[in-house]
Amino acid sequence: MAALRLALVQMAVGSNKLENVKRACNLVKDAAAKGANLVALPECFNSPYGTKYFQEYSEPVPGPTTNLLAEVAKECNIYLVGGSIPESENGSLYNTCSVFSPSGEMIGKYRKMHLFDIDVPGKIRFQESEVLKPGNRLLTFNLGRCKIGIGICYDIRFAELAQIYSEAGCHLLIYPGAFNMTTGPAHWELLQRARALDNQLYVAAVSPARDESATYIAWGHSTLIGPWGEVEATTEHKESTVFADIDLSKINEVRQNVPISKQRRLDVYTRPSQVCVANGKSDQSQRTKECSGYDIETNKHVD
Ligand SMILES: NC(=O)CC(=O)C(=O)O
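Residues numbered from 1 in each chain as written. Predicted model: local features only at pLDDT ≥ 70, side-chain atom pairs only at ≥ 80, totals over all residues.

Peer 1: Could you clarify how one ought to interpret the overall build of the protein chain in this entry?
Peer 2: Counting its secondary structure elements, the protein chain contains six helices and 15 strands. Taken over 303 residues, the protein chain has a buried fraction of 42%. Long-range contacts, defined as pairs at least 24 residues apart, comprise 64% of the intrachain contacts of the protein chain with a sequence gap of at least 6. (Helix = DSSP H or I, 4+ residues; strand = E, 2+ residues; numbered from the N terminus. Buried ≥ 20, exposed ≤ 12 C-beta atoms within 10 Å, placed from the backbone. Contact = placed C-beta atoms within 7 Å.)

Encoded structure:
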């Protein structure tokens, strides 16, 4: 058996919270029985996904849902990435992922940092910030030699977060997520491959199964991407569990073959606001060759 066998549980989520949690626990047990030692659940697995549901389904973390997750992690002797649930604390709501060790201890919780606020006219408008607050802390944990970083759904759009995790030594990023029928086909796999390729590590994203009758229809397609940017394991939109082995030697191989982390030109990467002031002079006549193309005074590109 591989040292790290990952299972992504793409589960059906309905309107009954306790039923959702029981279903999640049964699917986790099933994945563990099939050899997984790291199991991940999707975003918002105990509640329908939608701002109108978050208050009603919210609970403290730790609380009733995460207590059941802790029990199942212990019973199955696995690491469990507990998808996400609406969390309430001191009158505020968060979209929160909790992680459990094989002893059933909650080893950390992560609150979605970038809230899903988009408006694609005629397609989808979603404003998590109307009801949720964002988190401000990253979460990593170790499983043997593998360091794992956590993000939630919209967080995957922010390359900086993945890069920080990579620089912190992560080998695998797990994003419980729930893209939709507009952004899913366009961006779901592309973003995972981009984050994996940028950082030469594994990226997993785990979605709820698609429910055509839901107010928010999830795209599904839970996937693991390898450090070469290739799809290593995936599924379509129905309830199913994706299994895949994580092989850390692949990361070393890709990083040796294409050593981008040692080839960065940190000496020339600057933000626009820093361009042209490196020598303390920002006027046109003092523009250096390196900063041609951008004029800080007019905020315009100059040929
Ligand atoms: N649900 C999300 O947080 C993000 C999403 O669906 C998207 O970025 O698209």
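Peer 1: Sorry if this is basic, but what is going on with the UniProt feature "domain: CN hydrolase" (unreviewed entry) in the protein chain here?
Peer 2: Mapped onto this numbering, the UniProt entry annotates "domain: CN hydrolase" (unreviewed entry) at residues 4-248. When the span residues 4-248 is considered, its composition is 26% helix and 29% strand, and the gap between its end C-alpha atoms is 9 Å. (UniProt positions renumbered as here; feature names shortened; annotations may be inferred.)

Peer 1: Even after reading the chapter, I still don't get the site of the ligand, so can you show me in this structure?
Peer 2: Surrounding the ligand, one finds F116, C153, Y154, R157, A178, F179, N180, T183 and H187. Its residues placed into classes, the shell around the ligand shows five nonpolar, three polar and one charged. (Near = placed C-beta within 6 Å. Nonpolar A, V, L, I, M, F, W, Y, C, P; charged D, E, K, R; others polar.)

Peer 1: Explain the sheet that holds strand β9 (residues 140-143) to me, please; I cannot follow it from the model alone.
Peer 2: Strand pairing within a sheet occurs via backbone hydrogen bonds; the two strands may be parallel or antiparallel. In spatial order, the strands read β9-β10-β11-β12-β13-β14; together these six strands make up an open sheet with mixed pairing. At either margin of the open sheet sits one strand with a lone partner, and together these are β9 and β14 (231-234). Between one strand axis and the next, the sheet turns by 20 degrees as a mean value, whatever way the strands run. Summarising the sheet, strand β13 (residues 223-225) and β14 pair through three bridges and their orientation is antiparallel. Counted as the bridge partner of T223 is T234 from β14. Here helix α5 (residues 183-199) sits on the sheet and contacts β11 (172-176), β12 (202-206), β13 and β14; the angle it forms with β12, its principal contact strand, is near 155 degrees. (Pairing = 2+ DSSP bridges. Axes fitted to C-alpha atoms, helices over the stretch in contact; angles between N-to-C directions.)

Peer 1: Looking at this model, I keep getting lost on the environment of G144. Mind explaining?
Peer 2: As for its position among the elements, G144 is in the loop between β9 and β10 (146-150). Residue classification places G144 among the exposed residues on the basis of 12 C-beta atoms within 10 Å. Put simply, G144 and L4 are 140 residues apart on the chain and 8.5 Å apart in space, counted from C-alpha to C-alpha. Once residues within four sequence positions are removed from consideration, G144 is found in contact with A3 and L4.

Peer 1: I tried to follow the pairing of strand β1 (residues 5-10) on my own but got confused; where do I start?
Peer 2: The side chains of a regular strand alternate between both faces of the sheet. Burial runs high along β1: five of the six residues are buried. Examined bridge by bridge, β1 and strand β15 (residues 240-245) share six bridges and lie antiparallel to one another. Across the sheet, A7 pairs through a bridge with F243, a residue of β15. Of the pairings in the sheet, the one linking β1 to strand β2 (residues 38-40) comprises three bridges and is parallel in character. For L6, the partnering residue across the bridge sits in β2 and is L38. For the segment spanning β1, helix α1 (residues 17-33) and β2, crossover handedness is right-handed. (Right-handed = clockwise from strand over helix to strand, strands pointing away.)

Peer 1: What exactly am I supposed to notice about the nonpolar core here?
Peer 2: Inside soluble globular proteins, nonpolar side chains tend to come together where they are buried. In this structure, L6, V9, V28, V39, L80, L172 and A204 are the most contacted members of the largest nonpolar core, which totals 76 residues. Among the elements that make up this core, the one with the highest residue count is α1 (seven residues). Those residues in contact with V9, other than ones at most four positions away along the chain, are A24, L27, V28, A31, V39, A40, L41, V206 and T241. (Core = buried A, V, L, I, M, F, W, Y, C linked by C-beta atoms within 7 Å.)

Peer 1: Help me understand the packing of helix α4 (residues 159-167) against α5 in this model?
Peer 2: Each pair of packed helices can be described by the angle between their axes along with the distance between the axes. Running from N to C, α4 and α5 point in directions that differ by 40 degrees, and their axes come no closer than 10 Å. Here α4 lies oblique to α5, going by the angle between them. The crossing of α4 and α5 is right-handed. In contact with A159, A162, Q163 and S166 of α4, α5 contributes R195, D198 and N199. A per-class count over the contact of α4 with α5 returns two nonpolar, three polar and two charged. (Parallel < 35°, antiparallel > 145°, perpendicular 65-115°, else oblique. Left-handed = near helix turned anticlockwise from the far one by under 90°.)

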